[in-house]
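# Results of the structural survey
Okay, here's what each chain looks like letter by letter:
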Amino acid sequence: RAWLAINNTTGGYKLTLKGSSGSGVSLPEGAAIWVYHDGTNILPLIKEAIRTLTYAATMAADFSRAATIKVTLGGNATITLIGAVDKQKCILELTQDGVGGRAVTLVNHRFGSDLTSITLSTGAGLTDKIGFIYDATAGKYDVVALLRGF
């Protein structure tokens, strides 16, 4: 059974849907999402188009939740790529905070012969997008694109 959850609150309140055990779904003000209960967890029925992470020194970019993951870097970070299915196209969008110069270490990716490293833009407020395609056989996210400094 599926439900449409709508957070109509104001004042910056989040709505969290959770069963008596397991994980839940958190909706920011003004968001709506279809959810279902798998017997333990409340899960999104459809992936979010874009998921925004709150900065932490260690983060997981879970591509089972959205094809695009965004984060504003508040310091250097290690980001582990997880959750994609074979051949899924994924985008990691990294924005420098007001200080800039933040660095990221990615976990669970690999480079090909054309793109062999990632150097992020260092200016305050600049955004870089990194494109991946997940290879389930290798268990790695292949880096296929880098758009820097917009």
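The model shown is predicted, which means the values in this text are computed figures rather than measured ones. In this numbering scheme, every chain counts its residues from 1 along its sequence in written order. Where local features are concerned, this predicted model is filtered to residues with pLDDT of at least 70; where side-chain atom pairs are given and counted, the filter is 80 or more; whole-chain, interface and lining totals use all residues. Values shown for side chains rest on all heavy atoms present in the structure; no hydrogens or waters enter the calculation.

### Some words on unusual backbone geometry
For Lys87, which is not glycine, the phi torsion reads 70° and is therefore positive. Only DSSP runs of H or I covering at least 4 residues are called helices, and only runs of E covering at least 2 are called strands; the numbering of each starts at the N terminus. Mapping Lys87 onto the fold places it in the loop between strand E9 (77-82) and strand E10 (89-96). For Lys87, a relative accessible area of 53% corresponds to the exposed category. One non-glycine residue with positive phi stands out, namely Asn108, at about 85°. Turning to its location among the elements, Asn108 is positioned in the loop between strand E11 (104-107) and strand E12 (109-110). Residue burial is assigned from relative accessible area. The probe radius is 1.4 Å, only protein chains are included, and a residue is buried under 20% of its type maximum, exposed over 50%, and partly exposed in between. Owing to a relative accessible area of 24%, Asn108 belongs among the partly exposed residues under this scheme.

### Describing the layout of surface pockets
It is a probe the size of a water molecule, rolled over the atoms, that shows where empty space is left. Of the grid points, spaced at 1 Å and generated over the protein atoms alone, those admitting a 1.4 Å probe that cannot get out make up cavities, while open sets with protein on both sides within 12 Å along at least five of seven lines make up pockets; any residue with an atom within 4 Å of a point is treated as lining. Grid points are joined across faces, edges and corners, and a volume is the space filled by probe spheres set on the points. Quantified by volume, the largest pocket comes out at close to 390 Å³. Surrounding the largest pocket, 15 residues form its lining, Ser26, Pro28, Glu48, Arg51 and Thr52 being those nearest its centre. Among the elements of the structure, strand E3 (25-27), strand E4 (32-37) and strand E6 (48-53) are those that each provide at least two residues to the lining of the largest pocket. With five residues, the single largest contributor to the lining of the largest pocket is E6.

### Quick notes on a nonpolar patch on the surface
Residues enter patches when they are more than 30% accessible in relative terms and free of salt bridges; like-charged ones are connected within 9 Å and nonpolar ones (Val, Leu, Ile, Met, Phe, Trp, Tyr) within 5 Å. For every accessible area listed, the method is Shrake-Rupley and the probe measures 1.4 Å; residues are considered covered only by the protein chains on display. Take a side-chain nitrogen of Lys or Arg and a carboxyl oxygen of Asp or Glu: if they are within 4 Å of each other, that pair is a salt bridge. Residues Leu4, Ile6, Trp34 and Leu45 make up a contiguous nonpolar surface patch of roughly 380 Å² in combined accessible area. Note that Leu4 resides in strand E1 (residues 2-6). Judged by relative accessible area, which is 43%, Leu4 ranks as partly exposed.

### A closer look at the pairing of E4
Judged from the five bridges that link them, E1 and E4 form a sheet pairing that is antiparallel. Counted as the bridge partner of Ala2 is Tyr36 from E4. Here E4 runs beside strand E5 (residues 42-44); their pairing, made up of three bridges, is antiparallel. Residue Tyr36 lies in a different strand from E5, and its bridge partner there is Leu43. What makes two strands pair is DSSP finding at least two bridges between them.

### A closer look at the environment of Gly24
Relative to the elements of secondary structure, Gly24 occurs in the loop between strand E2 (15-17) and E3. Taking the C-alpha atoms as reference, Gly24 lies 9.3 Å from His37; in sequence the two are 13 residues apart. Excluding anything up to four places from it in sequence, Gly24 contacts Leu17, Lys18 and Ile42. Residues are treated as being in contact if the distance between any of their heavy atoms lies within 4.5 Å.

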